[in-house]
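Here's the letter readout for the chains.
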Amino acid sequence: MNDRGERARPGEEGELYACGPGICSGYWGDPEKTRRLLVPNPLPERAEELCVRTGDIVIQRADGMYLYVGRRDNMVKSKGYRIELGEVETAIYAHPRVTEVAIVPVPDDEVGNRLLALVVTDTPGVLTANDVRLHCGARLPKYMVPEMVEFRAALPKTSTGKVDRPALLREHLARAERGASERTV
């Protein structure tokens, strides 16, 4: 579906809907979330059928195949699990010493994405990466605990005042590349 609520045409971006007998029946104990997830099939001839809004943005190519563009929300896949990045950030924000946090997915061929937590504290040096992981582990399933934790004095912002996640990812990848080249010398 495109942003106008219409079926996207080939070459146009739209959200991928999944329909058929194998879709989930909703979120246990959360009817509001279920209502947002399960929607009537947008095809008039199949309107009685329910579809799942996947949150994946795709473009249908001329040959009928779909090209993945990205996500509508902040959900990523890691180790076969779908992870809402905001849930991980909320867990870290619950720590009394944390003043700002951003979770950045780092693409990885093996697991899909590895989670990088970029953390700003009220007093530099009071927390360790292990402290942050233990704090998360008490609040989240193991697969949602960030594998990497970096501390910053501040997080870069866009012109609209939001955390500049692409800049954080670029900085991390550049540092990792420099580190890899230094190890091979």
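Before reading on, note that the structure itself is shown above.
These figures come from a predicted structure and were not determined experimentally.

Below, the discussion takes up the pattern of salt bridges. Side chains carrying opposite charge are able to pair once their charged atoms draw close together. All told, the structure shown has 17 salt bridges when counted by the stated rule. Close ionic contact of Lys157 with Glu100 constitutes a salt bridge, the shortest N to O distance being 2.6 Å. Separated by 57 residues along the polypeptide, Lys157 in the loop between β9 (148-151) and α4 (165-184) and Glu100 in strand β7 (residues 98-108) bring together distant segments of the chain. With its nearest N and O atoms 4.0 Å apart, the salt bridge here joins Arg114 to Glu110.

Here helix α2 (residues 85-93) has its buried residues at Leu85, Val88, Glu89, Ala91 and Ile92. What you see down the axis of α2 is that its buried residues fit within an arc of 160°, all on one side.

Where helix α3 (residues 129-137) is concerned, the buried positions are Val132, His135 and Cys136. One face of α3 carries all of its buried residues, which in axial projection span an arc of 100°. Buried residues belonging to α3 abut α2 and β9.

Take the layout of surface pockets next. It is the rolling of a water-molecule-sized probe over the atoms that shows where space remains empty. What the largest pocket holds in volume is close to 610 Å³. What lines the largest pocket is a set of 19 residues, among which Tyr27, Leu37, Arg53, Asp73 and Met75 lie closest to the centre. Contributions of two or more residues to the lining of the largest pocket are made by α1 (31-37), β3 (50-60) and β6 (81-84). Looking at the second largest pocket, its volume works out to about 360 Å³. In this structure, the second largest pocket is lined by 19 residues; those nearest its centre are Met1, Arg7, Glu15, Tyr17 and Tyr66. Where the lining of the second largest pocket is concerned, the elements lending two or more residues are β1 (13-19) and β3. Of the residues forming the lining of the second largest pocket, the biggest block, five residues, is contributed by β1. Looking at the lining of the second largest pocket residue by residue, the classes come out as ten nonpolar, three polar and six charged.

Across residues other than glycine, the phi torsion is negative in most instances, and most of the peptide bonds are trans. If you check the backbone angles, Lys79 has positive phi at about 55° while not being a glycine. On the secondary structure map, Lys79 appears in the loop between β5 (75-78) and β6. Taking relative accessible area as the criterion, Lys79 reaches 39% and is therefore assigned partly exposed.

All right, on to the pairing of β3 then. Most of β3 sits inside the fold, with eight of its eleven residues counted as buried. Bridge analysis of β1 against β3 gives six bridges, and the strand direction is antiparallel. Bridge assignment links Ala18 to a residue of β3, and that residue is Val52. As paired strands, strand β2 (residues 38-40) and β3 are joined by three bridges and run antiparallel to one another. Note that in β3 the partner of Pro40 across the bridge is Leu50.

Bridge analysis of strand β8 (residues 112-121) against β9 gives four bridges, and the strand direction is parallel. Residue pairing across strands places Leu118 opposite Glu150, the latter belonging to β9. Assessed by its sense of winding, the connection that carries the chain from β8 through α3 to β9 is right-handed.

The rules behind each value
- Residues numbered from 1 in each chain as written.
- Predicted model: local features only at pLDDT ≥ 70, side-chain atom pairs only at ≥ 80, totals over all residues.
- Heavy atoms only, no water.
- Salt bridge = Lys/Arg side-chain N within 4 Å of Asp/Glu carboxyl O.
- Helix = DSSP H or I, 4+ residues; strand = E, 2+ residues; numbered from the N terminus.
- Buried < 20%, exposed > 50% of the residue type's maximum accessible area, 1.4 Å probe, protein only.
- Arc of directions from axis to C-beta.
- Contact = heavy atoms within 4.5 Å.
- 1 Å grid on protein atoms, 1.4 Å probe; cavity = no way out; pocket = protein on both sides within 12 Å on 5 of 7 lines; lining within 4 Å.
- Points joined across faces, edges and corners; volume = space filled by probe spheres on them.
- Nonpolar A, V, L, I, M, F, W, Y, C, P; charged D, E, K, R; others polar.
- Pairing = 2+ DSSP bridges.
- Right-handed = clockwise from strand over helix to strand, strands pointing away.

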